[in-house]
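Each chain, written out:
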Amino acid sequence: MFIDFLYELRKRKVPVGTQEAVAVAEALAKGLHESSLEGFYQVARALMIHSEQHLDDFDIAFGVAFRGAQATAIEITEELLSWLKDPKPMRELSPEERAMIEALDLETVREMLEQRLREQKERHDGGNRWVGTGGTSPFGRGGENPNGINVGGSTGKGKGGAMQSADARKYKPYRSDATLETRQIEVALRKLRLFARDGAEQELDLDKTIDETARNAGELEVVVRPPRRNNTRVILMMDVGGSMEPHREYVQQLFTAARRATHWKELRTYYFHNCVYGKLWKTDGFQESVSVRELINECGKHSGRSYKLVLCGDALMAPYELMGFAGVAEDDRVTGIEWLMHLREHFERSVWLNPEHPRGWKGNTIEAIAKVFPMFPLTVEGLSEGVDEIVKGRRSRARAV
Amino acid sequence: MSEFRRFRGTDRYLTSDALESAVNCALALGRPLLVKGEPGTGKTLLAEAIAEAMQLPLLTWHVKSTTRAQDGLYVYDTVQRLYDSRFGDGDVKDIRQYIKHGPLGQAFASSGKVVLLIDEVDKADLEFPNDLLHELDRMRFRVNETGDEVAAKERPVVIITSNNEKELPDAFLRRCVFHFIDFPDKELMKNIVAVHHPGLDRQMVEQAMAVFYDIREMRSIRKRPSTSELIDWIAVLKNAGIAAVKLERELPFLGALLKKEQDLAAYADQLAGGRRFRS
């Protein structure tokens, strides 16, 4: 059962492995769980989860894996049916309640229950349909429906058990695949750092000092060097308008976070519409244009300063926009995709962040662009992966989409 | 079964089952405990509480952005030695005189069990936690200059706190017991307030908490006040002799709860808006 739980967690992309399993086994051997499911829940959570992002997944997986330890609706179907065939005497009911019961005959209820048990995959509480607790559905326990089927025994009073903790899912806001918050973006962007020694000489260079002192026949000769400073230069290009409108908020957050990240040496932001052609704009109202060729000359890999390029857009457009010539006059034989390939060639460390869900990345212009730039979804996870990609700086390796 | 002392919180530090369980896991397995949570939920105080409850000395290592893993183990004071050699002071031949243990080094070298707090581990460079992996695993390190090995006789209880400014490396996380301190619910919060301000008028506490939770609920507030802010605020109110508070524009000592200028503005906006709406 425990191994199943482990795989249930892995299925939800929680990074658990042998190390965690061994740790939990060790803790159980020492009796840390105090022989209760509640205790096991706490111990397993402390040892298997390493980040609050996964707490919610843990709760779900726990619910799925250990439902049977307490009350599994699906597993006791037969028992349920036998109860239905042999109804217990009911308490005195008011006329209204009687009317409600008569509205549903036993056969119908049984059929409904069978059907629901087949459909039901997860726990549902407080509702009026599924087998669960505390609801008005005819099936479940601790509920309100007088004609209902009590599933899995009576609800004990007292302190909430592990199942209740797991089902409360109070860590939902910490999931990383949910919304991006400016702060989370900042955390992800922080990884984009590159230290270099630059500026005033303020730090003692120990090795050189010893070296020089030895050369100087023991007379102390102090050597200083500049401290390590961050030397990251980032160019951020964002698609605005049109199909990007629904994603406006996320892109805005990315922009704010990038602006706030004071640990960069330089940040340039440019805007484009749909696809990059010969020109980029400095404002989202498409004013103050900048030629892409000039930008490449100034910041590309031959400029001696290694800029990192982050493009953000949905990469969705009509095929002719990507394959057509919409560029500025002197470059009118260069297609959109060629401009993108130019950029990729000159900025080895570059990624494309896409606010569209990865399920929609196939069979359209996204697929074509993902072959040029490594593409990641604009979520916390995707952003971190993208940043990792930039830091590693692997050349022209487009992610298989 | 219980060859180790279980942690159950102290008079001054209230815990939840989950937190106790995490601490006991860390104690029993001899692994570092990594504590995360909103600022002001008592991450740092936890280490003090553990030290107090187990009656062990507490060593603290405050991590800063310039801190390196090596600093925690030992520092070889070369410059002092160079000067000494030049001016003929001290025993220059004995390198050990110039090896100074950092907090981690002290914890390992100590004769008994100690509690070591590595505070705000995320402040340091990204590679910092990776550099400590081996030392925290084996609880020993070698002083390169002398060849001495410093090994812990008793594994220290290591508590690490993080404010989530940087993500910690997976390899590091895997070696830690993890606990995320939740924001306390009202019942627990009442007890926490009672622990810090015993004998305070109950009505006053209820009012202050109501205002506090109202402010936390306000959507426009960016830095939501947490436990430590509430405790401070009540302390200020108590000292100023204020007996009743309610949610209004001129809340006394609001600065103790809201620390950002834009939050103060948002607060004023919200209340002004609410009043207009009501009248």
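Residues numbered from 1 in each chain as written. Chains lettered and ligands numbered in written order. Predicted model: local features only at pLDDT ≥ 70, side-chain atom pairs only at ≥ 80, totals over all residues.

**Q** Describe the overall build of chain B, and please don't skip the residues or the numbers.
**A** Across its full length, chain B holds 11 helices and 9 strands. For chain B, buried positions account for 32% of its 279 residues. In chain B, the share of contacts with a sequence separation of at least 24, taken over all contacts with a separation of at least 6, comes to 74%. (Helix = DSSP H or I, 4+ residues; strand = E, 2+ residues; numbered from the N terminus. Buried ≥ 20, exposed ≤ 12 C-beta atoms within 10 Å, placed from the backbone. Contact = placed C-beta atoms within 7 Å.)

**Q** Go over the overall build of chain A, please, and point to the residues and values.
**A** If you tally the helices and strands in chain A, you get 16 helices and 14 strands. Counting all 401 residues of chain A, 33% fall into the buried class. For chain A, the proportion of contacts with a sequence separation of at least 24, taken over those separated by at least 6, is 64%.

**Q** So what's going on with the pairing of strand E1 (residues 33–37) of chain B? Which residues, and what values?
**A** Residue and element names in this part refer to chain B. Counting buried positions over the 5 residues of E1 gives 5, a clear majority of the element. The two faces of E1 match: Leu33, Val35 and Gly37 on one face and Leu34 and Lys36 on the other face are all buried. Note: E1 against strand E8 (residues 157–162), 4 bridges, orientation parallel. Of the residues in E8, the one forming a bridge with lysine 36 is serine 162. Sheet topology places E1 next to strand E9 (residues 177–181); 5 bridges connect them, and they run parallel. By the bridge assignment for E9, glycine 37 is matched with isoleucine 181. (Pairing = 2+ DSSP bridges.)

**Q** Help me get a handle on the nonpolar core, residues and values and all.
**A** With 72 residues, the main nonpolar core has Leu47 of chain A together with Cys25, Leu33, Ile50, Leu116, Ile159 and Val177 of chain B as its most contacted residues. Tallying contributions element by element places helix H1 (residues 17–29) of chain B first for this core, with 8 residues. Dropping the residues within four chain positions of it, valine 177 of chain B is found in contact with Ala46 and Leu47 of chain A together with Ala22, Cys25, Ala26, Arg31, Leu33 and Leu34 of chain B. Formed by 51 residues, the second largest nonpolar core is a distinct cluster that contains Met244, Val251, Leu340 and Met375 of chain A. (Core = buried A, V, L, I, M, F, W, Y, C linked by C-beta atoms within 7 Å.)

**Q** Which residues make up the interface of chain B and chain A, and what values go with them?
**A** Counting from both sides, the interface comprises 28 residues of chain B and, opposite them, 26 residues of chain A. Of all the secondary-structure elements, those providing two or more residues to the side of chain B that touches chain A are H1, helix H4 (78–87), helix H7 (170–174) and E9 of chain B. Per-element tally for the side of chain B that touches chain A: the top contributor is H1 of chain B, with 8 residues. Of the residues contributing to the side of chain B that touches chain A, the split by class is 15 nonpolar, 5 polar and 8 charged. (Nonpolar A, V, L, I, M, F, W, Y, C, P; charged D, E, K, R; others polar.)

**Q** Just give me the short version of the sheet that holds strand E5 (residues 115–119) of chain B, but keep the residues and values in it.
**A** Strand-to-strand pairing in sheets goes through backbone hydrogen bonds, with the strands running parallel or antiparallel. All names here are of chain B. Taken in spatial order, the 5 strands make up an open sheet running E2-E5-E8-E1-E9, and their pairing is parallel. In this open sheet, the two strands that pair with only one neighbour each are strand E2 (58–62) and E9. Going across the sheet, the axis of each strand differs from the next one's by a mean of 20°, ignoring polarity. Against the sheet, H1 contacts E1, E8 and E9, and its axis sits at roughly 160° relative to E9. (Axes fitted to C-alpha atoms, helices over the stretch in contact; angles between N-to-C directions.)

**Q** I'd love a proper account of the pairing of E5 of chain B, names of residues and values included.
**A** All names here are of chain B. In terms of residue burial, E5 counts as a mostly covered element, since 4 of its 5 residues are buried. Here E5 runs beside E8; their pairing, made up of 4 bridges, is parallel. Considered in E8, the bridge of valine 115 is made with valine 157.

**Q** Break down the environment of alanine 243 of chain B for me, citing the residues and quoting the values.
**A** Residue and element names in this part refer to chain B. Within the secondary structure, alanine 243 is located in the loop between helix H10 (227–240) and helix H11 (261–278). Put simply, alanine 243 and valine 205 are 38 residues apart on the chain and 9.6 Å apart in space, counted from C-alpha to C-alpha. In contact with alanine 243, other than residues within four places in its own chain, are Asp201 and Met204.

**Q** Go over the confidence of the model for chain A with me, naming the residues and quoting the values.
**A** Residue and element names in this part refer to chain A. When pLDDT is averaged along chain A, the result is 70, and 59% of the positions lie at 70 or above. In the model, residues 84–90 has pLDDT below 50 throughout and makes 3 contacts with residues more than four positions away in sequence or in other chains. Across residues 129–137, where pLDDT falls below 50, the model places 44 contacts with residues more than four positions away in sequence or in other chains. (pLDDT = per-residue confidence, 0-100.)

**Q** Tell me what's going on with unusual backbone geometry, and back it up with residues and numbers.
**A** Phi angles above zero are rare outside glycine, and alanine 315 of chain A is one such case at about 55°. Tracing the sequence through the fold places alanine 315 of chain A in the loop between strand E12 (307–312) and helix H13 (319–323). Given 28 C-beta atoms within a 10 Å radius, alanine 315 of chain A is considered buried. One non-glycine residue with positive phi stands out, namely glutamine 55 of chain B, at about 50°. Topologically, glutamine 55 of chain B is positioned in the loop between helix H2 (43–54) and E2. Accessibility expressed as a C-beta count within 10 Å gives 8 for glutamine 55 of chain B, which makes it exposed.

**Q** Residues and numbers for the packing of helix H2 (residues 18–29) of chain A against H1 of chain B, please.
**A** Running from N to C, H2 of chain A and H1 of chain B point in directions that differ by 95°, and their axes come no closer than 10 Å. Here H2 of chain A is positioned roughly perpendicular relative to H1 of chain B, judged by the angle of their axes. Contacts from Ala23, Glu26 and Ala27 of chain A in H2 of chain A reach Cys25, Ala28 and Leu29 of chain B in H1 of chain B. In terms of residue class, the contact of H2 of chain A with H1 of chain B is made up of 5 nonpolar, no polar and 1 charged. (Parallel < 35°, antiparallel > 145°, perpendicular 65-115°, else oblique.)

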